[in-house]
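# Close look at the chain arrangement
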Amino acid sequence: MNADLSSENYTQNGDSPAPHHLAVPADCAGLRLDQALAQLLPQYSRARLTTWVREGRVTVDGRTLAPRDKLHGGEQIAVQPVLSPQETSFRPEIIPLAVLYEDDTLIVINKPPGLVVHPGSGNWQGTLLNALLAHAPQLATVPRAGIVHRLDKDTSGLLVIAKTLTAQTDLVRQLQARTVTREYRAVAHGKVVRDGKIEGAIGRDPRSRIRMAVVHNGKPAVTHYKVLEKLACASVLACRLETGRTHQIRVHLQKIGHPIWGDPVYGPRNPPAKPQLSRQALHAEKLALTHPLSGETMQWYAPLPTDMQQLIAALRDE
């Protein structure tokens with residue numbers, strides 16, 4: 001499953017980012033400082049700008065203010081961007097990528113199962129981010145090498161990468177507005193009777209640090225599913241996301257009693273011995289979005305990988 005990075009902060013990379021010097025225009029008079037900065041510096045997220053204000057990295061006529069302080073117009077603002085070590089510590093690695101589309105603004109790839117998207121605890125090398133930095137070195141100037149959403153290590157399929165900071169900000173906003181279409185193919189245990197919609201807030205499972213769960217204090221999550229094929233002991237589903245929470249489809253399907261085939265975390269305690277799959281049977285097969293530069297609606301399709309095709313064929317024969 002994928003997780004949006006829309007709640008995270010985005011800024012420029014570089015050892016010493018250049019400061020911004022701005023004059024507050026008349027049409028920003030009466031706005032709060034954080035509101036005016038969001039308008040004047042749209043390439044940065046509002047959360048990041050607010051953090052800089054609180055850290056004293058923003059001055060107004062030489063003085064530090066609070067994010068909620070109002071402006072009168074005509075003030076001189078200085079903004080000093082700052083980067084976290086995590087945003088500048090990644091190294092390029094030559095790792096083959098299945099690039100389905102690329103221009104000066106976007107890259108769309110078909111991620112294979114087994115490839116971690118972003119460096120993290122236990123996976124600081126050999127990730128998609130490392131591969132992207134080798135494929136397109138200019139991504140070193142974009143936070144997280146342009147990654148705006150993720151897929152689990154063992155989920156295959158489509159991911160879009162932003163090649164510029166402006167494109168990254170635009171894609172994050174599209175994800176927040178839920179205008180990006182993401183459809184997955186899944187093989188679930190049991191016979192799913194009819195198409196449906198799953199609504200359940202997702203957060204960390206209080207009983208396990210490595211699992212997510214539907215919890216009352218989680219983040220809102222909505223998954224739509226359509227039954228494509230009913231097999232003897234399984235169902236092939238098309239799942240469409242409204243939100244993009246960590247492990248969302250895996251958690252939601254488990255919640256309705258139809259966990260994904262091969263899922264080592266959310267699958268049944270005693271799964272059938274055969275047929276087996278070395279990963280969860282989940283593939284991001286369709287992606288549609290608005291191109292950040294041209295405004296054109298674009299869509300891509302990634303065929304079902306061989307291992308999932310073989311799994312479905314074996315289940316049909318049972």
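A short tour of the structure in this document, coming up.

Our next topic: the overall build of the chain. When helices and strands are tallied, the chain shows seven helices and 14 strands. Its C-alpha atoms give the chain a radius of gyration of 22 Å, within 12% of the compact-globule value 20 Å for 318 residues. If you line up the chain on its principal axes, its C-alpha atoms span 75 × 45 × 40 Å. In the chain, buried positions account for 51% of the 318 residues. Across the chain, every contact between residues at least 6 apart in sequence was considered, and the portion connecting residues at least 24 apart equals 67%. Accessible surface, the chain: about 15200 Å² in total, of which carbon and sulfur atoms supply 48%. When the 37 basic and 29 acidic side-chain charges of the chain are each reduced to a single mean position, those positions are 7 Å apart.

So, about the sheet that holds strand E2 (residues 58-60). The antiparallel open sheet is built from three strands, whose spatial order is E1-E3-E2. Both outer strands of the open sheet, strand E1 (20-23) and E2, are each paired with one neighbouring strand and no more. Across this sheet, the average inter-strand angle for adjacent strands is 15°, counted without regard to direction. Both E2 and strand E3 (residues 76-79) contribute to a ladder of three bridges, which runs antiparallel. Within E3, the residue paired with Thr59 across the bridge is Ala78.

This paragraph deals with the packing of helix H1 (residues 33-40) against helix H2 (residues 46-54). In contact at an axis separation of 9 Å, H1 and H2 are set at 130° when each is read in the N-to-C sense. As judged from the angle between their axes, H1 and H2 are oblique. As for how H1 packs across H2, the hand of that crossing is right-handed. Contact with H1, carried on its side by Leu33, Asp34, Gln35, Leu37 and Ala38, involves Arg46, Leu49, Thr50 and Val53 of H2 and no other residues of that element. Looking at the contact of H1 with H2 residue by residue, the class counts come to five nonpolar, two polar and two charged.

Turning our eyes to something else, we now look at the pattern of salt bridges. For the structure on display, the rule yields 14 salt bridges. Asp205 serves as the salt-bridge partner of Arg211, at 3.4 Å between the closest nitrogen and oxygen. Look at Asp205 and you get buried, because its relative accessible area is 5%. A salt bridge links Asp263 to Arg250; its shortest N-O distance comes to 2.7 Å. Here Asp263 is found in the loop between helix H6 (248-255) and strand E13 (282-290), whereas its partner Arg250 is found in helix H6, with 13 residues between them in sequence. Connected through salt bridges with shared partners, the residues Arg32, Asp34 and Arg46 form a single ionic network.

Here the focus is H6. Extensive coverage of H6 is indicated by the burial of six of its eight residues. Restricting attention to buried positions, one finds in H6 the residues Gln248, Ile249, Arg250, Val251, His252 and Leu253.

Here a ring pair, both rings aromatic, is described through the centre-centre distance and the interplanar angle of the planes. With the rule as written, the count across this model stands at two aromatic pairs. Taking 5.0 Å as the distance between ring centres and 75° as the angle between the ring planes, the aromatic pair formed by Tyr44 and Trp52 counts as edge-to-face. Neither Tyr44 nor Trp52 differs from the other in exposure class; each is buried. Residues Tyr101 and Trp300 carry aromatic rings whose centres are separated by 5.6 Å and whose planes lie at 50° to one another, so their mutual orientation is tilted. You can see Tyr101 sitting in strand E4 (residues 99-102) and its partner Trp300 sitting in strand E14 (residues 297-301), a full 199 residues away along the chain.

Here Asp205 shows up in the loop between strand E9 (202-204) and strand E10 (212-214). For Asp205, the side chain forms a polar contact with the main-chain nitrogen of Arg207, separated by 2.9 Å. Excluding residues within four positions of it along the chain, Asp205 makes contact with Arg211, Met212 and Ala213.

A complete count under the given rule lists zero disulfides for this structure. The thiol of Cys233 is not disulfide-bonded; the next cysteine sulfur, from Cys239, is found 17 Å away. Under the relative-accessibility criterion, Cys239 is labelled buried at 0%.

Moving on to the pairing of strand E12 (residues 234-241). Counting buried residues along E12, seven of its eight residues qualify, which places the element largely inside the surrounding structure. Relative to E12, strand E7 (residues 181-189) is paired through seven bridges, and the arrangement is antiparallel. When the bridges of E12 are listed, Arg185 appears paired with Ala238. Direction of pairing for strand E11 (residues 222-230) relative to E12: antiparallel, over a ladder of seven bridges.

Definitions and cut-offs
Residues numbered from 1 in each chain as written. Predicted model: local features only at pLDDT ≥ 70, side-chain atom pairs only at ≥ 80, totals over all residues. Heavy atoms only, no water. Helix = DSSP H or I, 4+ residues; strand = E, 2+ residues; numbered from the N terminus. Rg over C-alpha atoms; globule rule 2.2 N^0.38 Å. Buried < 20%, exposed > 50% of the residue type's maximum accessible area, 1.4 Å probe, protein only. Contact = heavy atoms within 4.5 Å. Areas by Shrake-Rupley, 256 points an atom, 1.4 Å probe, with all protein chains shown as cover. Lys, Arg positive; Asp, Glu negative; His and termini not counted. Charge placed at Lys NZ, Arg CZ, Asp CG, Glu CD. Pairing = 2+ DSSP bridges. Axes fitted to C-alpha atoms, helices over the stretch in contact; angles between N-to-C directions. Parallel < 35°, antiparallel > 145°, perpendicular 65-115°, else oblique. Left-handed = near helix turned anticlockwise from the far one by under 90°. Nonpolar A, V, L, I, M, F, W, Y, C, P; charged D, E, K, R; others polar. Salt bridge = Lys/Arg side-chain N within 4 Å of Asp/Glu carboxyl O. Phe/Tyr/Trp six-rings, centres within 6.5 Å; stacked < 30°, edge-to-face > 60°. Polar contact = N/O pair within 3.5 Å; in protein donor to acceptor, adjacent residues only side chain to side chain. Disulfide = S-S within 2.5 Å.

Structural measurements only, silent on function.
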